[in-house]
Amino acid sequence: MRIVLFYSETESFNFFTDRLAEELKARGHEVFILDYLQPRSQGAHSYQAFAEFAVKKIDAVICFDGLGSREDMFIELWDAHEAVVVNILMDHPLRFH
């Protein structure tokens, strides 16, 4: 499977993202981590690198607290790829309206 995860300003989310990526790669999956805070930067986690990754089908997306699952641009992309989106709620449910 080809799976997308995200880095954000929340250090604990990034820690969990790294652990998930390690395990998914160990199980033979192809993983891309998009740096949500610096998407225009150059490098392995940039939007440019993500655009290259997204040329092929994306099977799944894993995000925390909706980051990467609520934005119109991403919703359209995930729909186009028919990707399964897993949103892991980390904060208390009363925070989500």
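Heads up: these notes are all about the structure in this document. (Residues numbered from 1 in each chain as written. Predicted model: local features only at pLDDT ≥ 70, side-chain atom pairs only at ≥ 80, totals over all residues. Heavy atoms only, no water.)

## Regarding the side chain of Asp-35
Selection criterion: Helix and strand definitions follow DSSP, with helices as H or I runs of at least four residues and strands as E runs of at least two, each counted in order from the N terminus. Whenever two N or O atoms come within 3.5 Å, that pair is a polar contact, provided that in protein one can donate a hydrogen and the other can accept it, and provided that, for residues adjacent in sequence, both atoms are side-chain atoms. Contact definition: two residues touch when any of their heavy atoms are within 4.5 Å.
Mapped onto the secondary structure, Asp-35 falls in strand β2 (residues 30–35). Engagement of the side chain of Asp-35 in a polar contact is seen with the backbone nitrogen of Leu-37, the distance being 3.1 Å. Not counting residues up to four positions away in its chain, the partners in contact with Asp-35 are Tyr-7 and His-45.

## Quick notes on the packing of aromatic side chains
The criterion, for reference: Classification of ring pairs uses Phe, Tyr and Trp, with its six-membered ring standing for Trp, and accepts pairs whose centres are within 6.5 Å; under 30 degrees between planes counts as stacked, over 60 as edge-to-face, and the remaining range as tilted. Categorising residues by exposure relies on relative accessible area from a 1.4 Å probe, with only protein chains included: less than 20% of the type maximum marks a residue as buried, more than 50% marks it as exposed, and the intermediate range marks it as partly exposed. Should the NZ of a Lys or the CZ of an Arg lie within 6 Å of a ring centre and within 35 degrees of the ring normal, that charge is described as sitting over the ring.
If you walk through the whole model with that rule in mind, you get 12 aromatic pairs. With a centroid separation of 5.5 Å and an interplanar angle of 70°, the aromatic rings of Phe-6 and Phe-74 are classed as edge-to-face. With a gap of 68 residues between them, Phe-6 in strand β1 (residues 2–7) and Phe-74 in helix α3 (residues 72–81) connect regions that are remote in the sequence. In this structure Phe-6 comes out as buried when scored by relative accessible area, which is 4%. With a centroid separation of 5.8 Å and 65° between ring planes, the pair formed by Phe-15 and Phe-16 is classed as edge-to-face. Accessibility expressed as a relative area gives 33% for Phe-16, which makes it partly exposed. Put simply, the rings of Phe-6, Phe-32, Tyr-36, Tyr-47, Phe-50, Phe-53, Phe-74 and Trp-78 pair up and form one aromatic cluster. The ring of Phe-53 has Arg-2 lying over it, and the distance from NZ or CZ to the ring centre is 3.8 Å.

Without other data, these values stay purely geometric and don't point to any function.
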